[in-house]
Amino acid sequence: MVDTVSVARRSEIMSRVRNKDTRPELYVRRLIHNAGFRYRLHVSKLPGRPDLVFPGRRKVIFVHGCFWHSHDGCHNARIPKSRADFWMSKLESNKERDERNMRALMDEGWKVLVIWECELRDPALLDRIKDFLEQGAD
């Protein structure tokens, strides 16, 4: 199937895709900050550069976009019809990299929470985050 926009327009659209400070990430950061938790951002010394790092708690949070990280069973994670082979390969390698990074973090003693873009509307999200951050804090 042919792309519905020109190569130049597609390039412009893709150049606007960000890997940090995305709307979902900013939403989660605001939620957590308003709940009284403090964190570090994108610590480059940790595998995968987690979006939020809580060093004293040895916990990290990743905020994943459903498309870019291939959220299983999510309607936002559909493969585009054009260049499907490219996208399947690209998204599968993203998923494998995520798994490697999470394994490496856990091997180093970090606890990991992944928040998916489609979960942001869940009213229980803040409770889930608080449970994760407060677990083992005694």
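The coordinates are above.
Quick summary incoming for the structure in this document. (Residues numbered from 1 in each chain as written. Predicted model: local features only at pLDDT ≥ 70, side-chain atom pairs only at ≥ 80, totals over all residues. Heavy atoms only, no water.)

## Here's the deal with the pattern of salt bridges
Oppositely charged side chains can form a pair if their charged atoms are brought close together. Selection criterion: Any Lys or Arg side-chain nitrogen located within 4 Å of an Asp or Glu carboxyl oxygen qualifies as a salt bridge. Each residue is assigned to one of three classes by its accessible area relative to the maximum for its type, calculated with a 1.4 Å probe on protein chains only: buried under 20%, partly exposed between the two thresholds, exposed over 50%. Secondary structure elements follow DSSP: runs of H or I no shorter than four residues count as helices, runs of E no shorter than two count as strands, and numbering proceeds from the N terminus.
Here the structure, examined in full by the defined rule, presents five salt bridges. Of the charged contacts, one joins Arg-29 and Asp-21 as a salt bridge, the two residues approaching to 2.6 Å between their closest N and O atoms. Judged by its relative accessible area of 14%, Arg-29 is buried. A residue is classified by how much of its surface remains accessible, and Asp-21, at 25% relative accessible area, is partly exposed. Between Lys-95 and Asp-72 there is a salt bridge, and its shortest N-O distance comes to 2.5 Å. Taken together, the residues span a long stretch of sequence, with Lys-95 in helix α3 (residues 84-107) and Asp-72 in the loop between β3 (59-64) and α3 at a distance of 23 residues. Owing to a relative accessible area of 18%, Lys-95 belongs among the buried residues under this scheme. One network of salt bridges, in which partners are shared, links Asp-21, Glu-25 and Arg-29.

## Quick word on the side chain of His-64
Applicable threshold: Should any heavy atoms of two residues lie within 4.5 Å, those residues are considered in contact.
Mapped onto the elements, His-64 comes out in strand β3. We classify His-64 as buried; its relative accessible area is 5%. Residue contacts for His-64: discarding those within four places in its chain leaves His-69, Asp-98, Val-114, Ile-115, Trp-116 and Glu-117.

## Here's the deal with the packing of aromatic side chains
Two descriptors summarise a pair of aromatic rings, namely the distance from one centre to the other and the angle between the planes of the rings. Using the following cut-off: Pairing of aromatic rings covers Phe, Tyr and Trp, the last through its six-membered ring, and needs centres within 6.5 Å; plane angles under 30 degrees mean stacked, over 60 mean edge-to-face, and all others mean tilted. Two thresholds decide whether a charge sits over a ring: the Lys NZ or Arg CZ must be within 6 Å of the ring centre and within 35 degrees of the ring normal.
One pass over the full model with this rule turns up five aromatic pairs. These aromatic residues form a ring-pair network of at least three members: Phe-67, Trp-68, Phe-86 and Trp-87. Above the plane of the ring of Phe-132 lies Lys-59, whose end atom (NZ or CZ) is 5.1 Å from the centre. Here the basic side chain of Arg-83 rests over the ring of Phe-86, its NZ or CZ set 4.2 Å away from the ring centre.

## Quick notes on the nonpolar core
How we decide: For this analysis, a nonpolar core means a set of buried residues of the types Ala, Val, Leu, Ile, Met, Phe, Trp, Tyr and Cys, connected via side-chain atoms within 4.5 Å.
Counting residues in hydrophobic clusters, the biggest one holds 16 residues, and the most contacted among them are Val-28, Ile-32, Leu-52, Phe-54, Ile-61, Ile-115 and Ile-129. For this core, the secondary structure elements donating two or more residues are α2 (23-34), β2 (52-54), β3, β4 (111-116) and α4 (125-134). Here this core takes four residues from α4, the largest share from any one element. Other than its neighbours up to four places away in sequence, Phe-54 contacts Ile-32, Phe-37, Arg-38, Tyr-39, Lys-59, Ile-61, Trp-110 and Leu-133. Leu-46, Cys-66, Leu-105 and Val-114 belong to the second-largest nonpolar core, a separate cluster that totals eleven residues.

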